[in-house]
Every structure is written in structure tokens, then in C-alpha cells.
Amino acid sequence: MDLKNKFCAKPFEFLEIGYPQERGVLCHACCPNQLPKEIGNLKNDTLLETWNSQSIQDIRRSIHEGTFEYCVKEQCPIIQAGELPDKYTVSDKYLKKIIQDQQVVLDRSPKIINLSYDQTCNLSCPSCRVDYISHNGQDAQELFSKIGDEIVEVSGTHTERLLFCSSGDPFASQHFKNLLKNLNFSKNPNLKIQIVTNGLLFSERVWSELSNIHGRIEGFCVSIDAASSATYEIVRRGGDWDRLLRNLEFIKKLRKSGQIPYVKYDFVVQDHNFREMPQFVDLGKRFEADFVFFQRIINWGTFSNEEFLKRAVYLSEHPLYDEFVEVCKDKRMRDTIVDGGNLSSFIGRPKRRFRLFNAIKHSLQKRVPFLRF
């Protein structure tokens, strides 16, 4: 896979704050399973120090050089889908200058900050954890309050997006709910919110309590991993399928009214649920999601190696691999609503509507470096 002339903006725009561990609060420049190299530790460093640490400079340099040596390429949905742009087709002025000058030290705060440091959740999904996790106690709240204060300060500058949250559920977290209520958008009117949730605690009542973020939500992602009640009970331990469907109906109303401009459903593929992938597409269409997103199950330390191999149906040595491949060929998997993520090599890429201007633009930019439109 030749990435020499490709560009990934993530290490130049994105900062993920991980959950507290014995060594501290570790940060990454992408999802850790796709780019595991740590870039900082909020136990010792500030957010802005982390943003230009030696580690992240090394990662940025590898992007400029086209080696992508710190990336786990088979886990990256963008690389697997062949969607990394050529360097010379990048149109964003700030990124174009970074590419031209091969900058590794940046003068702006992160454009996107993923807040994954509170794992509190109302579910204990086997793909994620072995038991329920709550950090709503006093000790954790003191640490989180300190991090939250720094986030509020940093996000008042060039930050455009805060992601709540990929490690738990923001509506189960006392800290994240308070942070959502107290964000000051007057200092940075361009700041937007993205929500990642299992959807079970997001009701009309909760929405009314969070009036502070009305009109500030850019996207809403609901992690579901099933298309039936029976499968949901297995993969979403502690969940309530009927309650989820009621809340999806409410989210649909918010989407149709424009209060939430973008909705995506997530599906982590494993042996328990892969047969329901086409039905999940149907579910997404039923509730008018913009996309349904499929991704491989990852071992976050919750499985033994033997158990994980039972779950990872996309591996060629798995006994159900051939059936999985056939499921991916279902015509519903070619719908434009489908994002194959890091399973795109199985699912393929759906047909998108051809746009002549974009095609001409892309062709010219490849031939004339840094052409402006």
C-alpha cells in the first residue's frame, strides 16, 4: 500500500484524551487502536504541551514523509477505504501551508478534541468492558474537573469540535453532563459538539435539560451493534431494546426538524451479530439515519486471545468467515447509507452520485500542486 503522496490531517487537527490509568491520563493523535503511540500525559503535561510534544512531532513527520510508520494501517477505516487524499488535493488553507512547509510544530490548538477520559456508562458491553464502570465518585470528579477547566480554556480559541465521548456514555457521566451544561459558546461561537452515545439515556427530558447545547450539535452517533432484541441483549449487556427504539424515534424527530443535523448508527461486527448487518441497514433507513457505520471488533483487553478469535469473524481462519463474506455481499450493503469503515475491503464502496465539478477539481489539483478553487 503506497501512501507516499497521501496526507492524513488527524495528527494536525485531532487530540484524544484517554481514560485515567496507573501511569496517568494518556493522550493520542487518533484512535489508539489505529495509532497507538502516546503523545502526552495530562498527569504531567498541559493540553497545549501535549499538542506539540516530541511524540506527536514524530507522528506528523511520518505523515509528511509518507511512511505512516506509527499507524496500524489495517485498522484505519480511511486507509482501508482508500480515502486518504493526495497531498496536492488538500484545499484547506491552514493544512496546505502545513504540507508546504512540512510543519510539525503548530501554532493553533487542536481543531477537534475527543473527550474519552470518563468511562462511565450505563451498559457493560462485552466488546468494551468486563463489568459496569462508573467514575462518578468524588476522587475522579476532582481530576475530571481539572481537565474540564483546561478544555473550556483551550476550546475557547481555535477548537471547532468537542466529541462526547467514545469510551463511555456522556449521559451516564455526571462530569460530562455538567461540562455540556457549562460550556461557554460566546467565547468561541464556532465551537460545535458531537455526541457518541448508546442512546438509552437520551430522552426528551434529558434534551430539555441540555438547552445549552441546542443549536450547537454537529453530529450524533448512536452505538447499537444489533438489529433485533435478542442480539441486542447479548452484545449490549444491560440494554433495553424497546427503550432504545423509543429514543431512536425521538432522535429521528430532532433530525427531521434540523435540531440535530447529522445522525450515524454504529455497528461493531462480531460472530454474535454479523448476520444482522443487512437488517441494520434497514434499521438505519427506518429511523432516517444519514449513515450506518460498520467496524471490526477490537480486543480492548476484555477478551483472552482465544475468546477474541471466536469473536473476530472477519479473520479468514474463523469457521464462519465464508458466511460473513456472503453476508457482506447482500445488496443492502451497497446502499449509499452504508459506510464500510475498516471492513470496506469486504463490503465495498457504495455508489455515490457523480459530481462533475468535484471530479474536474480533483483531476486538476493532482496535476497542479496547491491549485486554489
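You'll find the protein entered in an unreviewed UniProt entry as Molybdopterin cofactor synthesis protein, with Halobacteriovorax marinus given as the organism.

Taken domain by domain, the protein consists of domain 1 (10–101) and domain 2 (112–343). Using only C-alpha atoms to locate each centre, domain 1 and domain 2 end up separated by 22 Å. With 20 residues of domain 1 in contact, the opposing surface of domain 2 contributes 21 residues. Of the roughly 1700 Å² buried between domain 1 and domain 2, counting both surfaces, carbon and sulfur atoms make up 64%. Three residues, Ile 17, Tyr 19 and Leu 47, lead the burial of domain 1 against domain 2; their summed loss comes to 29% of the area buried on that side. The tally of links between domain 1 and domain 2 comes to 0 salt bridges. Counting every contact that joins domain 1 to domain 2 gives 10 residue pairs in polar contact (both at pLDDT 80 or more). Taken together, the elements giving at least two residues each to the side of domain 1 that touches domain 2 come down to β1 (14–21), α2 (47–51) and α4 (77–80).

Summarising the sheet, β1 and strand β4 (residues 112–115) pair through 4 bridges and their orientation is parallel. Across the sheet, Ile 17 pairs through a bridge with Leu 115, a residue of β4. Of the strand pairs in this sheet, β1 and strand β2 (residues 24–28) are connected by 4 bridges, and their pairing is antiparallel. Each residue of the ladder has a partner; that of Glu 16, found in β2, is His 28. Where β1 folds back onto β2 in an antiparallel hairpin, the turn is made up of 2 residues.

Before going further, it helps to examine the side chain of Arg 60. With respect to the helices, strands and loops of the structure, Arg 60 is situated in helix α3 (residues 54–65). Buried and unpaired, Arg 60 has Asp 107 as its nearest opposite-charge partner, separated by 9.6 Å. A distance of 3.0 Å separates polar atoms of two side chains, one belonging to Arg 60 and the other to Asn 52. Setting aside its immediate chain neighbours within four residues, Arg 60 contacts Pro 11, Phe 12, Trp 51, Asn 52, Val 104, Val 105 and Leu 106.

The UniProt record annotates "domain: Radical SAM core" (unreviewed entry) at residues 105–334. Across residues 105–334 one finds 35% helix and 15% strand; the C-alpha atoms that close the span lie 41 Å apart.

This next bit is on the pattern of salt bridges. Summed over all chains, the structure comprises 20 salt bridges. A salt bridge links Asp 86 to Lys 6; the shortest N-O distance between them is 2.8 Å. In this pair, Asp 86 sits in the loop between α4 and α5 (93–101) while Lys 6 sits in the segment before α1 (10–13), placing the two residues 80 residues apart along the sequence. Under the relative-accessibility criterion, Asp 86 is labelled buried at 13%. Judged by relative accessible area, which is 23%, Lys 6 ranks as partly exposed. With a closest N to O distance of 2.5 Å, Arg 161 and Glu 218 form a salt bridge. Here Arg 161 is found in strand β5 (residues 161–164), whereas its partner Glu 218 is found in strand β7 (residues 217–223), with 57 residues between them in sequence.

Turning to the packing of aromatic side chains, a few remarks are in order. In total, this model carries 17 aromatic pairs according to the counting rule given. An angle of 55 degrees between the planes, with centres 4.8 Å apart, marks the rings of Phe 267 and Phe 280 as tilted. Of this pair, Phe 267 sits in strand β8 (residues 263–269) while Phe 280 sits in helix α11 (residues 277–286), placing them 13 residues apart in sequence. Pair check on accessibility: Phe 267 and Phe 280 agree, each one buried. With a centroid separation of 5.0 Å and 65 degrees between ring planes, the pair formed by Phe 324 and Phe 346 is classed as edge-to-face. Of this pair, Phe 324 sits in helix α13 (residues 321–328) while Phe 346 sits in helix α14 (residues 344–347), and the two are 22 residues apart along the sequence. The lysine or arginine in question, Lys 10, covers the ring of Phe 14, its NZ or CZ lying 4.6 Å from the ring centre.

This part covers the environment of Val 235. Note that Val 235 resides in helix α9 (residues 229–235). When its relative accessible area of 2% is taken as the criterion, Val 235 is described as buried. Counting along the chain gives 107 residues from Val 235 to Cys 128, while the straight-line C-alpha distance between them is 9.8 Å. Contact partners of Val 235, with chain neighbours within four places excluded, come to Cys 125, Pro 126, Ile 224, Asp 225, Ala 226, Gln 270, His 272 and Asn 273.

Right, let's get into the state of the cysteines. Summed over all chains, the structure comprises 0 disulfides. Considering cysteine sulfurs only, Cys 30 is the nearest to Cys 76, which forms no disulfide, with 6.3 Å between them. Residue classification places Cys 76 among the buried positions, given a relative accessible area of 13%. We note that Cys 221 lacks a disulfide partner, and the nearest cysteine sulfur, in Cys 165, lies 11 Å from it.

A word on the environment of Gly 219. In this structure, Gly 219 sits in strand β7. Residue Gly 219 is classed as buried on the basis of its relative accessible area, which comes to 5%. Expressed as a C-alpha distance, the spacing of Gly 219 and Val 196, which sit 23 residues apart in the sequence, is 8.6 Å. Filtering out sequence-adjacent residues up to four positions away, Gly 219 remains in contact with Ile 193, Gln 194, Ile 195 and Tyr 262.

The rules we used
- Counting restarts for each chain: residues are numbered from 1 in the order of the written sequence.
- Local features in a predicted model are, by the rule used here, given only for residues with pLDDT of at least 70; side-chain atom pairs are given and counted only at 80 or more, and totals for whole chains, interfaces and linings are based on all residues.
- The basis for the side-chain values is all heavy atoms of the structure; hydrogens and waters are excluded.
- For the purposes of this description, domain bounds are those given by an automatic or database domain assignment.
- Any two residues whose heavy atoms approach within 4.5 Å at even a single point are treated as in contact.
- Accessible area that two parts lose when put together, with a 1.4 Å probe and added across both, is what the buried area reports.
- In the sections that follow, a salt bridge refers to a side-chain nitrogen of Lys or Arg positioned within 4 Å of a carboxyl oxygen of Asp or Glu.
- For the purposes of these results, a polar contact is taken to be a pair of N or O atoms within 3.5 Å, where, inside protein, one atom must be able to donate a hydrogen and its partner to accept one; residues adjacent in sequence count only when each atom of the pair is a side-chain atom.
- Here a strand is any run of E in DSSP of at least two residues, a helix any run of H or I of at least four, and the numbering for each starts at the N terminus.
- Here, strands pair whenever DSSP counts at least two bridges between them.
- Categorising residues by exposure relies on relative accessible area from a 1.4 Å probe, with only protein chains included: less than 20% of the type maximum marks a residue as buried, more than 50% marks it as exposed, and the intermediate range marks it as partly exposed.
- His residues and chain termini do not enter the charge count, which takes Lys and Arg as positive and Asp and Glu as negative.
- UniProt positions are given in the numbering used here, feature names are shortened, and annotations may be inferred rather than shown by experiment.
- Ring pairs are drawn from Phe, Tyr and Trp, using the six-membered ring of Trp, whenever the two centres fall within 6.5 Å, and their geometry is named by plane angle: stacked under 30 degrees, edge-to-face over 60, tilted for the rest.
- Throughout this description, the term charge over a ring refers to an Arg CZ or Lys NZ atom that lies within 6 Å of the ring centre and within 35 degrees of the ring normal.
- Sulfur atoms of two cysteines make up a disulfide when they are within 2.5 Å.

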